[in-house]
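Here is how the chains run, residue by residue.
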Amino acid sequence: MPNEKLQKELEPLFNLKPEKAIDYFNKKVALGPRKHWDWTDTMRQAHDRVFVVAKATSIDLVKDIQSELSKSLQEGIPYQDFANNIIPKLKERGWWGSIDAENKDQGIVKPIKVDHRRLRNIYNTNVKTAYAAGRYEQMMDETDIAPYWRYVAVPKGAGNKNPRVEHAALHNLVFRYDDPFWQTHYAPNGWGCHCTVVNMTKRALEKKFGKKAEEVVRKSKPEDFVTTTEEFEREHIKNDGSVEMQKVKITTTGYKIGGKVIYPSRGWDYAPGSYSLDFNQLLEEKITSVPENAKLKMLEQLSDSLKKSFENIIENESLMNMPTKRTFVAGMIPEDVYEKLKKRNPSLNLETRLLTLSDESIIHSLRSNHDAIPKEILKKLPEIISSWECTYDENRGLRFWSPFVSKEDSQKRYVVVFTPDIKKNNKLTLTTAYSINKKDFREKNRLK
């Protein structure tokens, strides 16, 4: 029988105003099949920035589908009406029925069937993730009053014909909004997943569970997360008829509970909307709103979440290569360095000790040339700030130097450089990162 109590509890979610979902969806950039042909080509947080359709044969086709989906979100159009509107356009472009979908950019062909099953999957996935992203932003706006998030697995009969047993194991788990759990298990967690997340105040939490909040709220530990890697082959049929097999590996992060690991579906171990409204962005807003002496304490409390968030940022920006001038927090200038900075350059009137970087500077730092810094090194920037040697001068900025490392029969040091913001001389932001050979290295301008 339907769980009437749960249905009543979830009603506010399904009555969520669509503005945030619409805004999230409409900010996506449509991309064609040149690099986005298979569903494994674009995964996880990348979907917060781009709109793609697997096996779509042209950018115009992708834009047609995106336009109709946007209209469906704005006007509350159900699937059948969406299908009636889009199918004539799909037929006109030769993308309906059993077809040989051709990727002209890659010179490959793939026999596929475009029917209501495929189209419904496109519709459901995009509508659900858009609403999940809108919900994410709404709950992030309310973290000051409702910081606890509860996982809700919708049972059979409550609009869910085929509930997943695995997802039911997560039902009623409660974590703070900034717990790493939500970076991998924020709902939905797979194709057709009906799970959701609700936020709660401390009072509401204790009333529901009849216990003190600290007895209910979980705090994830690194050992709670387990990864598994699957390898499979994709078949590419070339235009000349030859067949090319491509091996693909996908690593999925699961969460261990009760001796069992609960894995989202492949590619679903991320939070829709979390990259558009990243935890890092929320962190910057919250930190800048508190007194200077409270900033460091807040960063220390949220350091694990910052590190994980930052790794995702570097990974996604390096893959998308689509700068939009977004900024991110990397960490704070260490206190001893900050004091030396003020003595060395009294004219440097820093408003905050925060160190930031933009998506443009990430792409620049990872440029394809011999002295670029490795991506895996840049991912560790929050740790680098507090552990690497530091130098400064007015012309070259604040530089963090790695220890010497042996690479390709030579010794190198990696350097990341922060300089005052061009528009405002009150904040240091990353301008470049590079490697330098030992023979070219000169130790200058130490902060002593």
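What counts and what doesn't
- Residues numbered from 1 in each chain as written.
- Predicted model: local features only at pLDDT ≥ 70, side-chain atom pairs only at ≥ 80, totals over all residues.
- Heavy atoms only, no water.
- Helix = DSSP H or I, 4+ residues; strand = E, 2+ residues; numbered from the N terminus.
- Contact = heavy atoms within 4.5 Å.
- Polar contact = N/O pair within 3.5 Å; in protein donor to acceptor, adjacent residues only side chain to side chain.
- Axes fitted to C-alpha atoms, helices over the stretch in contact; angles between N-to-C directions.
- Parallel < 35°, antiparallel > 145°, perpendicular 65-115°, else oblique.
- Nonpolar A, V, L, I, M, F, W, Y, C, P; charged D, E, K, R; others polar.
- pLDDT = per-residue confidence, 0-100.
- Pairing = 2+ DSSP bridges.
- Buried < 20%, exposed > 50% of the residue type's maximum accessible area, 1.4 Å probe, protein only.
- Salt bridge = Lys/Arg side-chain N within 4 Å of Asp/Glu carboxyl O.
- Arc of directions from axis to C-beta.
- Left-handed = near helix turned anticlockwise from the far one by under 90°.

Novice: For this particular structure, what's the right way to read the overall build of the chain?
Specialist: Each helix and strand counted, the chain has 16 helices and 18 strands in total. Long-range contacts, defined as pairs at least 24 residues apart, comprise 67% of the intrachain contacts of the chain with a sequence gap of at least 6.

Novice: What am I meant to see in the side chain of Asp64 here?
Specialist: Positionally, Asp64 belongs in helix H3 (residues 59-75). At 2.5 Å, the side chain of Asp64 forms a polar contact with the side chain of Arg93. Sequence-distant contacts of Asp64, that is, excluding residues within four places in its chain, are made with Ile86, Lys89 and Arg93.

Novice: Explanation requested: the packing of helix H2 (residues 19-26) against H3 in the structure shown.
Specialist: Taken N-terminus to C-terminus, the directions of H2 and H3 make an angle of 170 degrees; their axes are 9 Å apart at the nearest point. Judged on the interaxial angle alone, H3 and H2 are roughly antiparallel. When H2 is examined against H3, the residues Ala21, Ile22, Phe25 and Asn26 are found in contact with a partner set consisting of Gln66, Leu69, Ser70, Leu73 and Gln74. Residues belonging to the contact of H2 with H3 are distributed by class as follows: 5 nonpolar, 4 polar and no charged.

Novice: Can you walk me through the confidence of the model for the chain in this structure?
Specialist: In low-pLDDT regions, the fine details of the predicted coordinates are not to be read closely. Per-residue pLDDT for the chain averages 83, and the proportion of residues at 70 or more is 84%. Per-element confidence in the chain is highest for strand E6 (residues 174-176), whose mean pLDDT is 97, and lowest for helix H1 (residues 4-14), whose mean pLDDT is 46. Below pLDDT 50 for its whole length, residues 5-15 participates in 17 contacts with residues either more than four positions away or in separate chains.

Novice: Mind showing me how you'd approach the sheet that holds strand E8 (residues 217-218) here?
Specialist: Two strands in a sheet stick together by hydrogen bonds in their backbones, pointing the same way (parallel) or opposite ways (antiparallel). With respect to topology, 4 strands assemble into an open sheet ordered E7-E5-E6-E8, the strand pairing being mixed. Of all the strands in the sheet, the pair left with one neighbour each is strand E7 (196-200) and E8. Note that strand E5 (residues 148-152) and E7 share 5 bridges and pair antiparallel. Each residue of the ladder has a partner; that of Tyr148, found in E7, is Met200.

Novice: Looking at this structure, how should I read the pairing of strand E3 (residues 97-103)?
Specialist: Regular strands place their side chains on alternate faces of the sheet. Summarising the sheet, E3 and strand E4 (residues 108-114) pair through 7 bridges and their orientation is antiparallel. By the bridge assignment, Ala101 is partnered in E4 with Lys110.

Novice: Quick question: what am I supposed to make of the environment of Asp393 here?
Specialist: Checked against the element boundaries, Asp393 lands in strand E14 (residues 389-393). According to the relative accessible area criterion, Asp393 is buried, its value standing at 11%. Along the backbone, Asp393 and Asn345 are 48 residues apart, and their C-alpha atoms lie at a distance of 8.2 Å.

Novice: It is not clear to me how the pattern of salt bridges should be interpreted in this structure. Could you clarify?
Specialist: When their charged atoms lie close together, side chains carrying opposite charge are able to pair. For the coordinates displayed, the defined rule picks out 20 salt bridges. Note that Asp38 is salt-bridged to Arg234, the shortest N-O span being 3.1 Å. You can see Asp38 sitting in the loop between strand E1 (29-30) and strand E2 (50-51) and its partner Arg234 sitting in strand E9 (residues 225-238), a full 196 residues away along the chain. Residue class for Arg234 comes out buried when judged on its relative accessible area of 10%.

Novice: Mind showing me how you'd approach helix H13 (residues 335-344) here?
Specialist: Along an α-helix, a turn takes 3.6 residues, which lines up residues three or four apart on a common side. Within H13, burial applies to Val337, Tyr338 and Leu341. The buried side chains of H13 occupy one side of the element, clustering within an arc of 100 degrees when seen end-on. Contacts made by the buried residues of H13 are with E14, strand E15 (397-401) and strand E18 (428-437).

Novice: Hey, could you run me through the packing of H3 against helix H4 (residues 79-92) in this one?
Specialist: Angle between the axes and distance between the axes: these two values describe a pair of packed helices. The contact between H3 and H4 brings their axes to 10 Å, and the two run at 165 degrees. One way to sum up the angle between H3 and H4 is to call them roughly antiparallel. In this structure, the crossing between H3 and H4 has a hand that is right-handed. From H3, Leu61, Asp64, Ile65, Glu68, Leu69, Lys71 and Ser72 reach across to H4, where they touch Phe82, Asn85, Ile86, Lys89 and Leu90.

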